[in-house]
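Survey of secondary and tertiary structure
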Amino acid sequence: MTVRKNQASLTADEKRRFVDALVQLKRSGRYDAFVTTHNAFIMGDTDSGERTGHRSPSFLPWHRRFLIEFEQALQSVDSTVALPYWDWSADRSTRSSLWAPDFLGGTGRSLDGRVIDGPFSASSGNWPINVRVDNRTYLRRSLGSGARELPTRAEVESVLAMATYDMAPWNSASDGFRNHLEGWRGVNLHNRVHVWVGGQMATGVSPNDPVFWLHHAYIDKLWADWQRRHPDSGYLPTAGTPDVVDLGETMKPWKDVRPADLLDHTAYYTFDAA
Ligand SMILES: [Cu+2]
């Protein structure tokens, strides 16, 4: 059974195995296919047209399915690996162990944003940026410069308190839990974290930075936390909404899975703590 743990509590051996599995997926070319898929949806999802991966109710089930597929790819390399999550409301400093050289490496140098330590630095030779929006082939970050502060626990709580999953017009203008968690409205949780990390994480090719998976694993956990707090609230909309994935409609690119199939994460993995 897959147990997703807080990254702050991983052992040295768990960190090493996670990093090694990432590097092996990268070497095989399988990693970059995930980056390509994510970017295709970022570019294609629009507020006034078809929208599936982002700025829509299916933001949460889409990323849940995307992470399950990625986690299964990691497990095909090392069956002991699970995706860790990054609670950025608690580990909110550039000095967090997340950014140490034995895990994800730190921020980029000021000259060009290049990450210069850790297993994903350009000098490691392990992590070429191949799927990219410009010609820079090295991982970049500028921790804390695009957004001054990561979200606080109080801000997270204010979003978890919202009882309605999502609302018309089912896009970046919506009120409700999904859009406040995604961050287009209100205190801004998910989007702000992408901006705080900077570099590729602030672009459509954000999965180039391995922290993408830890960020989204925590967003996914917050969805599970919200469900437990609001047992009488469900995914919306339930039917008949143009351009939007209703509860029982299949999602691209998989076409064999519906939001309804993804509401219960315990069919796939559990978390280390509630
Ligand atoms: Cu994201």
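First, a word on scope: everything that follows refers to the structure included in this document. Only a predicted model underlies this, so the values are computations on that prediction, with no experimental measurement involved.

With that settled, the discussion passes to the coordination of the copper ion. Within the protein, His 190 (NE2), His 194 (NE2) and His 216 (NE2) serve as the donor atoms for the copper ion, at 1.9 to 2.1 Å. Here the donor residues of the copper ion are spaced in sequence according to H-x3-H-x21-H. Of this pair, His 194 sits in helix H6 (residues 190-197) while His 216 sits in helix H7 (residues 211-229); the two residues are 22 residues apart in sequence, bridging distant segments of the chain. By relative accessible area, His 194 is classed as buried at 9%. Look at His 216 and you get buried, because its relative accessible area is 2%.

Counting residues in hydrophobic clusters, the biggest one holds 69 residues, and the most contacted among them are Phe 70, Leu 74, Trp 86, Trp 88, Trp 99, Phe 177 and Trp 213. Going through the elements one at a time, helix H1 (12-28), helix H2 (30-44), helix H3 (59-77), helix H4 (153-160), helix H5 (177-182), H6, H7 and strand E2 (269-271) are the ones with two or more residues in this core. It is H7 that contributes the most residues to this core, 11 residues altogether.

This part is about the packing of aromatic side chains. The final tally for this structure, using the stated rule, is 27 aromatic pairs. Ring geometry for Tyr 85 and Tyr 218: centres 6.0 Å apart, planes at 20 degrees, overall stacked. Placement of Tyr 85 in the loop between H3 and H4 and of Tyr 218 in helix H7 is noted, with a sequence separation of 133 residues between them. For the pair Tyr 85 and Tyr 218, a shared accessibility class is recorded, and that class is buried. An aromatic cluster is built from Tyr 31, Phe 34, Phe 41, Trp 62, Phe 66, Phe 70, Phe 120, Trp 127, Phe 212, Trp 213 and Trp 254, whose rings are joined through pairwise contacts.

What counts and how
Residues numbered from 1 in each chain as written. Predicted model: local features only at pLDDT ≥ 70, side-chain atom pairs only at ≥ 80, totals over all residues. Heavy atoms only, no water. Donors = N, O, S within 2.8 Å, 3.2 Å for Na, K, Ca; no water. Helix = DSSP H or I, 4+ residues; strand = E, 2+ residues; numbered from the N terminus. Buried < 20%, exposed > 50% of the residue type's maximum accessible area, 1.4 Å probe, protein only. Core = buried A, V, L, I, M, F, W, Y, C linked by side-chain atoms within 4.5 Å. Phe/Tyr/Trp six-rings, centres within 6.5 Å; stacked < 30°, edge-to-face > 60°.

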